[in-house]
Amino acid sequence: MTRRTETGPLQARLAHLARTGGDAARGRAREAAALLAAEIANDLPDGRVEAAETPDGAAVTIEAPGLAAREFGTAARAARPVIGPAVALLTGRG
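Because the structure is a prediction, the values reported are computed rather than measured.

1. Focus on the environment of Glu-63
Along the polypeptide, Glu-63 turns up in strand β2 (residues 57–63). Residue classification places Glu-63 among the partly exposed residues on the basis of a relative accessible area of 43%. Sequence separation between Glu-63 and Gly-47 is 16 residues, and the spatial gap between their C-alpha atoms is 5.4 Å. Contact partners of Glu-63, with chain neighbours within four places excluded, come to Gly-47 and Arg-48.

Laid out in structure tokens, this is it:
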């Protein structure tokens, strides 16, 4: 036999804490994406960098002429990464 315990107030409190924590995490992601976008924009004056809010947090879109060649290098030129170091710093690995 299973006892039924009233957990209404507890359930409501836990749901509120989950929403508050999720909102805080999305806010931190939004701020970090905006910071990352600004940092990358400084290194790519001829490109376009945009931070946008997503359901899970934020995303950064980067467009610039020759970005792939700059990021990964070519047969004739060494890589001068912009995105990799910024992402590493953002994730705490840099």
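More follows now that the structure is in view.
2. Some points on a nonpolar patch on the surface
A cluster of nonpolar side chains, Leu-10, Leu-14 and Leu-17, forms an exposed patch at the surface whose accessible area comes to about 290 Å². Considering the arrangement of structural elements, one finds Leu-10 in helix α1 (residues 8–43).

3. Some thoughts on the pattern of salt bridges
Summed over the entire model, instances satisfying the criterion amount to four salt bridges. We note a salt bridge from Asp-23 to Arg-26, for which the minimum N-O separation is 2.6 Å. Linking Asp-23 with Arg-26, this pair stays in helix α1, spanning three residues, or about one helical turn. Here Asp-23 falls in the partly exposed class, since its relative accessible area comes to 46%. A salt bridge links Glu-63 to Arg-48, with the nearest nitrogen and oxygen atoms 3.1 Å apart. Of this pair, Glu-63 sits in strand β2 while Arg-48 sits in strand β1 (residues 48–54), placing them 15 residues apart in sequence. Among the residues examined, Arg-48 registers a relative accessible area of 34% and is labelled partly exposed. Where salt bridges share partners, they join Arg-48, Glu-50 and Glu-63 into one cluster.

Criteria and thresholds
- Residues numbered from 1 in each chain as written.
- Predicted model: local features only at pLDDT ≥ 70, side-chain atom pairs only at ≥ 80, totals over all residues.
- Heavy atoms only, no water.
- Helix = DSSP H or I, 4+ residues; strand = E, 2+ residues; numbered from the N terminus.
- Buried < 20%, exposed > 50% of the residue type's maximum accessible area, 1.4 Å probe, protein only.
- Contact = heavy atoms within 4.5 Å.
- Patch = residues over 30% accessible without salt bridge, like charges linked within 9 Å, V, L, I, M, F, W, Y side chains within 5 Å.
- Areas by Shrake-Rupley, 256 points an atom, 1.4 Å probe, with all protein chains shown as cover.
- Salt bridge = Lys/Arg side-chain N within 4 Å of Asp/Glu carboxyl O.

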